Amino acid sequence: MKQALRLSIGLVCVAVSAFASEPLYQQNFESAEAGSVPDGLLVIDGNFTVKAEDGKKALELPGSPLDTFGTLFGPSRPDNTEVTARIFATKKGRKFPAFAVSLNGVGGYRLKVAPAKGAVEIVKADATQKSVPFDWKSGEWTSLKLRGVKAADGFKIEGKVWQGDTEPKDWTLTMDVATPPPPGKAGVWGMPFSGTPIRFDDLVVREAE
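Residues numbered from 1 in each chain as written. Predicted model: local features only at pLDDT ≥ 70, side-chain atom pairs only at ≥ 80, totals over all residues. Heavy atoms only, no water.

Participant: Describe in detail the pairing of strand E9 (residues 119-124), supporting the description with residues and values.
Facilitator: In terms of residue burial, E9 counts as a mostly covered element, since five of its six residues are buried. Two elements, strand E8 (residues 109-114) and E9, share six bridges in a ladder whose sense is antiparallel. Looking across to E9, one finds that Tyr109 is bridged to Lys124. By the bridge criterion, six bridges tie E9 to strand E10 (residues 127-133) in an arrangement that is antiparallel. Bridge pairing in E10 places Val123 opposite Thr128. Counting the residues between successive antiparallel strands, the hairpin from E9 to E10 contains two residues, one of them, Ala125, with a positive phi of roughly 55°. (Buried < 20%, exposed > 50% of the residue type's maximum accessible area, 1.4 Å probe, protein only. Helix = DSSP H or I, 4+ residues; strand = E, 2+ residues; numbered from the N terminus. Pairing = 2+ DSSP bridges.)

Participant: Requested: an account of the pattern of salt bridges, with residues and values cited.
Facilitator: The full count for this structure, using the stated rule, is 13 salt bridges. Of the charged contacts in the structure, one is a salt bridge between Glu60 and Arg199, with a shortest N-O distance of 2.8 Å. A residue pair is termed long-range when its members are at least 10 positions apart, and Glu60 in strand E4 (residues 56-61) and Arg199 in strand E15 (residues 198-207) qualify at 139 residues. For the pair formed by Glu60 and Arg199, the shared burial category is buried. Residue Lys137 pairs with Asp135 through a salt bridge whose shortest N-O separation is 3.9 Å. Residue classification places Lys137 among the partly exposed residues on the basis of a relative accessible area of 42%. The exposure class of Asp135 is exposed, given its relative accessible area of 59%. Connected via shared salt-bridge partners are Lys51, Glu60 and Arg199. (Salt bridge = Lys/Arg side-chain N within 4 Å of Asp/Glu carboxyl O.)

Participant: Can you tell me about the environment of Leu111, naming the residues and giving the values?
Facilitator: Take Leu111: it is sitting in strand E8. Exposure remark for Leu111: the relative accessible area of 0% places this residue in the buried category. For Leu111 and Glu158, which are 47 residues apart along the polypeptide, the C-alpha to C-alpha distance reads 8.8 Å.

Participant: Describe the packing of aromatic side chains, and please don't skip the residues or the numbers.
Facilitator: According to the stated counting rule, one finds four aromatic pairs in the structure shown. Ring geometry for Phe48 and Phe200: centres 5.9 Å apart, planes at 55°, overall tilted. Of this pair, Phe48 sits in the loop between strand E2 (41-45) and strand E3 (49-53) while Phe200 sits in strand E15; the two residues are 152 residues apart in sequence, bridging distant segments of the chain. Looking at Phe200, the relative accessible area reads 0%, which means it is buried. Lying over the aromatic face of Trp189, Arg110 brings its terminal NZ or CZ to 3.6 Å of the ring centre. If you follow Lys160 out to its NZ or CZ, it ends over the ring of Trp171, 4.6 Å from the centre. (Phe/Tyr/Trp six-rings, centres within 6.5 Å; stacked < 30°, edge-to-face > 60°. Lys NZ or Arg CZ within 6 Å of the ring centre and 35° of its normal.)

Participant: Requested: an account of the side chain of Thr142, with residues and values cited.
Facilitator: Tracing the sequence through the fold places Thr142 in strand E11 (residues 141-151). In this structure the side chain of Thr142 is engaged in a polar contact, spanning 3.4 Å, whose partner is the side chain of Trp136. If near-sequence neighbours (up to four positions away) are discounted, Thr142 is found in contact with Ala85, Arg86, Ile87, Phe99, Trp136, Val161, Trp162 and Gln163. (Polar contact = N/O pair within 3.5 Å; in protein donor to acceptor, adjacent residues only side chain to side chain. Contact = heavy atoms within 4.5 Å.)

Okay, here's the thing in structure tokens:
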């Protein structure tokens with residue numbers, strides 16, 4: 001009887017855990033029509049379209065014009081939210097792209113990979129809030145994860161960036177903020193300063209655990 005009860009409790013815990021990990025938003029573009037912008041994406045600026053390459057689809061931002069472009073997605077939330085995305089970009093000669101994921105809308109916090117600086121940054125209102133070195137490799141998919149959570153004395157921003165299949169255990173950089181940001185959607189951003197396209201895939205928004 002006790003063994004059966006423990007088993008039942010274990011199954012309930014697994015079920016609750018699985019339910020809690022369900023994405024609030026998810027898009028891998030495989031069912032999206034090539035040449036389109038899928039429903040659920042709010043393009044702020046830029047000629048984003050779904051492109052197919054080698055049998056896989058992704059959202060592509062063309063290599064020109066050279067500016068900052070972005071699209072928002074998922075629910076509008078103030079805190080305890082996590083966004084992840086994979087981004088593919090290439091350099092051209094001595095010209096480098098830059099790209100980011102964000103939370104809390106257009107004016108929220110961004111986790112930005114800045115290869116020209118050899119750095120990963122937390123950016124808000126176009127101002128770098130914190131920066132750490134990062135050795136970015138051109139022509140490889142880069143995974144970005146940004147989380148904003150309530151903290152005892154305000155708000156905490158945590159960002160993680162990696163290339164390859166293995167997610168690092170530790171956050172790449174963290175920052176404490178006294179004033180929590182307003183509600184807003186998650187987003188991805190591309191700055192094709194190298195003149196080559198930037199591709200975005202596997203967009204996911206979750207409740208931060």
